[in-house]
Amino acid sequence: ELKVEQNPLFLSMQEGKNYTIYCNYSTTSDRLYWYRQDPGKSLESLFVLLSNGAVKQEGRLMASLDTKARLSTLHITAAVHDLSATYFCAVAVSGGSNYKLTFGKGTLLTVNP
Amino acid sequence: DTAVSQTPKYLVTQMGNDKSIKCEQNLGHDTMYWYKQDSKKFLKIMFSYNNKELIINETVPNRFSPKSPDKAHLNLHINSLELGDSAVYFCASSQLGEMNTEAFFGQGTRLTVV
């Protein structure tokens, strides 16, 4: 069974600082996703990573994928308060109609002024 | 124009009751899902439907019965509600195949069983 582990689960950081969230998964996968969830809200897709070495950036967030190490990272640069949210990585296994996402437990990010 | 919409957004009901949650997507996707998010925010898939056919059923109690009348709709009916069913239920959709997309989520239905 696929296991997806995120760490840290809780992250409190000051504005302007940098930090990285890690996502490890246990079996081969061909795609990995990062989602953001604000309190009481839905999940918003941030990044779709489809191949080894993929790197995507949007504003202060950058995501990367190393399929050999089965590791994805979400790097936060110069954090601002608006980035406070819960971040999930999710891994999809295989193609075809059995497609499903297995989520990590989420990282609750709090950015303090 | 909401892509994946669920109703109701909030649902408070007593133990033993039967309730339904409706979901519709206007993205033209061929696959729809139900996910459950517990109090610790852990997300777990419950069901997946591809072109109205049940594909994934993740050891969910029989009291939960999904129904997909067409590709754009996936409803969830729950019988004999229990306290442990309290959670946020998310509907999602995606397109499989060569144009495999990420899953797009609805706004969630917060179910509280009292």
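Parameters at a glance
- Residues numbered from 1 in each chain as written.
- Chains lettered and ligands numbered in written order.
- Predicted model: local features only at pLDDT ≥ 70, side-chain atom pairs only at ≥ 80, totals over all residues.
- Heavy atoms only, no water.
- Pairing = 2+ DSSP bridges.
- Helix = DSSP H or I, 4+ residues; strand = E, 2+ residues; numbered from the N terminus.
- Axes fitted to C-alpha atoms, helices over the stretch in contact; angles between N-to-C directions.
- Contact = heavy atoms within 4.5 Å.
- Salt bridge = Lys/Arg side-chain N within 4 Å of Asp/Glu carboxyl O.
- Polar contact = N/O pair within 3.5 Å; in protein donor to acceptor, adjacent residues only side chain to side chain.
- Buried < 20%, exposed > 50% of the residue type's maximum accessible area, 1.4 Å probe, protein only.
- Core = buried A, V, L, I, M, F, W, Y, C linked by side-chain atoms within 4.5 Å.
- Disulfide = S-S within 2.5 Å.

A.B. asks: Please explain the sheet that holds strand β1 (residues 4-7) of chain B as it appears in this structure.
C.D. replies: Strand pairing within a sheet occurs via backbone hydrogen bonds; the two strands may be parallel or antiparallel. Residues and elements named next belong to chain B. A sheet is described by the order of its strands in space; here four strands give the open sequence β1-β3-β8-β7, paired in antiparallel fashion. The open sheet has two edge strands with one neighbour each: β1 and β7 (64-70). Sheet twist, expressed as the mean angle between neighbouring strand axes with direction ignored, is 20 degrees. Direction of pairing for strand β3 (residues 19-25) relative to strand β8 (residues 73-78): antiparallel, over a ladder of four bridges. If you follow serine 20 over to β8, its bridge partner there is histidine 77.

A.B. asks: Help me out: how do you make sense of the environment of methionine 15 of chain B in this one?
C.D. replies: Residue and element names in this part refer to chain B. Mapped onto the elements of the fold, methionine 15 is located in the loop between β2 (10-13) and β3. In this structure, the C-alpha to C-alpha distance between methionine 15 and glycine 108, residues 93 residues apart in sequence, is 21 Å. With sequence-adjacent residues up to four places away left out, methionine 15 is seen in contact with Leu81, Leu83, Val113 and Val114.

A.B. asks: Just to check I follow, could you spell out the interface of chain B and chain A for this structure?
C.D. replies: You'll often see interface size given as the accessible area lost when the parts meet. The partner chain A presents 20 residues to the 22 residues of chain B that form the contact. Along the contact surface separating chain B from chain A lie one salt bridge. Across the pair glutamate 58 of chain B and lysine 100 of chain A runs a salt bridge, and its minimum N-O distance is 2.9 Å. Taken together, the connections running from chain B to chain A amount to eight residue pairs in polar contact (both at pLDDT 80 or more).

A.B. asks: Before we go on, may I ask you to explain the environment of leucine 27 of chain B in this structure?
C.D. replies: All names here are of chain B. Structurally, leucine 27 is set in the loop between β3 and β4 (31-37). Leucine 27 gets classed as partly exposed once you look at its relative accessible area, which sits at 33%. For leucine 27 and phenylalanine 104, which are 77 residues apart along the polypeptide, the C-alpha to C-alpha distance reads 9.2 Å.

A.B. asks: Whenever I open this one, the nonpolar core confuses me. Can you help?
C.D. replies: Within soluble globular proteins, side chains that are nonpolar tend to cluster in buried spots. Counting 25 residues, the largest nonpolar core has Leu32, Trp34, Leu74, Ile76, Tyr87 and Leu109 of chain A as its most contacted members. Put simply, the parts of the chain that give this core at least two residues each are β2 (10-14), β3 (19-25), β4 (31-37), β5 (43-49), β7 (61-66), β8 (71-76), β9 (85-92) and β11 (107-112) of chain A. Within the second largest apolar cluster, 21 residues are counted, among which are Val48 of chain A together with Tyr35, Ile56 and Ala103 of chain B.

A.B. asks: I keep staring at the state of the cysteines and nothing clicks. Help me out?
C.D. replies: The term disulfide refers to a covalent linkage connecting the sulfur atoms of a pair of cysteines. A full pass over the atoms with the stated rule returns two disulfides over all chains. Put simply, cysteine 23 of chain A and cysteine 89 of chain A are joined by a disulfide, and their sulfur atoms are 2.0 Å apart. Across the S-S bond of cysteine 23 of chain A and cysteine 89 of chain A the torsion is about 80 degrees, and the bridge reads as right-handed. Of this pair, cysteine 23 of chain A sits in strand β3 while cysteine 89 of chain A sits in strand β9, and the two are 66 residues apart along the sequence. Each disulfide pairs two cysteine sulfurs, and for cysteine 23 of chain B the partner residue is cysteine 91 of chain B, the sulfurs being separated by 1.9 Å. Residues cysteine 23 of chain B and cysteine 91 of chain B are joined through a disulfide that is left-handed, its torsion about the S-S bond being -80 degrees. One end of the pair, cysteine 23 of chain B, is in strand β3; the other, cysteine 91 of chain B, is in strand β9 (residues 87-94), with 68 residues separating them in the sequence. Taken individually, cysteine 23 of chain B and cysteine 91 of chain B each receive the classification buried, so the pair is uniform in this respect.

A.B. asks: Hey, could you run me through the sheet that holds strand β1 (residues 4-7) of chain A in this one?
C.D. replies: Residue and element names in this part refer to chain A. Strand order in this open sheet of five strands is β1-β3-β8-β7-β6, and the pairing throughout is antiparallel. The sheet is open, and its two borders are formed by β1 and β6 (55-58), each paired with just one other strand. Direction aside, the axes of adjacent strands within the sheet are offset by 15 degrees on average. Bridge count between β7 and β8: six bridges; the pairing is antiparallel. Counterpart to leucine 61 in the pairing with β8 is isoleucine 76.

A.B. asks: What is the right way to read unusual backbone geometry from this model?
C.D. replies: Only a minority of non-glycine residues have a phi that is not negative, and only a minority of peptide bonds are not trans. The residue after asparagine 7 of chain A, namely proline 8 of chain A, is reached through a cis peptide bond having omega 0 degrees. Following the sequence through the fold, proline 8 of chain A ends up in the loop between β1 and β2. In this chain, threonine 7 of chain B is followed by proline 8 of chain B through a cis amide linkage whose omega measures -5 degrees. Checked against the element boundaries, proline 8 of chain B lands in the loop between β1 and β2.

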